[in-house]
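Okay, here's what each chain looks like letter by letter:
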Amino acid sequence: MDDVAARLDRLESVEQIRHLAARYALALDSRDVDTMAGLFVSDVTVGDGRVGRAALAEWFDRILRPYRITFHLIGNHVIDITGPDTAEGLVYCRAEHEVGEEWIVMPLIYHDRYARQDGRWYFRSRKPKPFYAARVADNPLDVPGRFHFPDNPYLAGASLPEAWRSWQEFWRRSPRQKGQP
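This is a predicted model, so every value here is computed, not measured.

1. Side note on the nonpolar core
For step 1, the next point in the chain: Core analysis: the largest hydrophobic core is formed by 42 residues, its most contacted members being Tyr24, Phe40, Leu56, Phe60, Tyr114 and Phe149.
For step 2, the next point in the chain: Secondary structure elements with two or more residues in this core: helix H1 (3-29), helix H2 (33-38), helix H3 (53-64), strand E1 (67-83), strand E2 (86-99), strand E3 (102-117) and strand E4 (120-130).
For step 3, the next point in the chain: Dropping the residues within four chain positions of it, Tyr24 is found in contact with Met36, Leu39, Phe40, Phe60, Tyr110, Phe123 and Arg126.

Shown next as structure tokens:
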């Protein structure tokens, strides 16, 4: 591929991948589980070990039942093309869920892997990493472990920012003094 064609392919790939995150949020909030499953590679491995889009649609249907209303606002999206047909990304998201009589807010980052199949980009996998989950009226710092998300069998607790090595190193070292690099 010449340089211009390679650059154009990269730009088109990044834009198509960016749309995956937005389409996922819309399909999730509108409960269009078939569209959600269709955003994944045909041989996707489901959280319960099964394989394929039909199995993923069934899994999404079951996972989403406890939440009547959801709202997923997509923010920053960093995409790294790792090969001609592979990429990785991080997607910031502010998710809100109606859980029974509670409204739960959960900012998170999706750790995504993408693959191109038959000329189109798809998710290979998505792994949400929450900063916290709390009732909308609660201070997350007052919530044990910064995580209150009833009836969620999929996520057990907050993992960010503590999981970031750079965050850990920042807090381990002494503050920089004025004039120090």
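2. Description of H1
For step 1, the next point in the chain: The terminal C-alpha atoms of H1, which comprises 27 residues, lie 40 Å apart, in line with the 39 Å expected from a rise of 1.5 Å per residue.
For step 2, the next point in the chain: The complete set of buried residues in H1 reads Ser13, Val14, Ile17, Leu20, Ala21, Tyr24, Ala25, Ala27 and Leu28.

3. A look at the environment of Ala156
For step 1, the next point in the chain: Structurally, the position occupied by Ala156 is in the loop between strand E5 (134-135) and helix H4 (165-172).
For step 2, the next point in the chain: Remark: the alpha-carbon pair of Ala156 and Leu28, spanning 128 residues in sequence, is separated by 20 Å.

4. A closer look at the pairing of E3
For step 1, the next point in the chain: In terms of residue burial, E3 counts as a mostly covered element, since 13 of its 16 residues are buried.
For step 2, the next point in the chain: Joining the antiparallel neighbours E2 and E3 is a turn of 2 residues, in which Gly100 adopts a positive phi near 60 degrees.
For step 3, the next point in the chain: Pairing of E3 with E4 involves 10 bridges; the strand directions are antiparallel. Bridge pairing links Ala115 to Tyr122 in E4.
For step 4, the next point in the chain: Adjacent in sequence and paired antiparallel, E3 and E4 are bridged by 2 residues, among which Asp118 carries a positive phi angle near 50 degrees.

5. Let's talk about the pattern of salt bridges
For step 1, the next point in the chain: Tallied over the full model, the rule gives 14 salt bridges.
For step 2, the next point in the chain: Here Arg7 makes a salt bridge to Asp3, at a shortest N to O gap of 3.7 Å. Of this pair, Arg7 and Asp3 both sit in helix H1, 4 residues apart, roughly one helical turn.
For step 3, the next point in the chain: When its relative accessible area of 53% is taken as the criterion, Arg7 is described as exposed.

Quick notes on the rules
Residues numbered from 1 in each chain as written. Predicted model: local features only at pLDDT ≥ 70, side-chain atom pairs only at ≥ 80, totals over all residues. Heavy atoms only, no water. Core = buried A, V, L, I, M, F, W, Y, C linked by side-chain atoms within 4.5 Å. Buried < 20%, exposed > 50% of the residue type's maximum accessible area, 1.4 Å probe, protein only. Helix = DSSP H or I, 4+ residues; strand = E, 2+ residues; numbered from the N terminus. Contact = heavy atoms within 4.5 Å. Expected span 1.5 Å × (residues − 1). Pairing = 2+ DSSP bridges. Salt bridge = Lys/Arg side-chain N within 4 Å of Asp/Glu carboxyl O.

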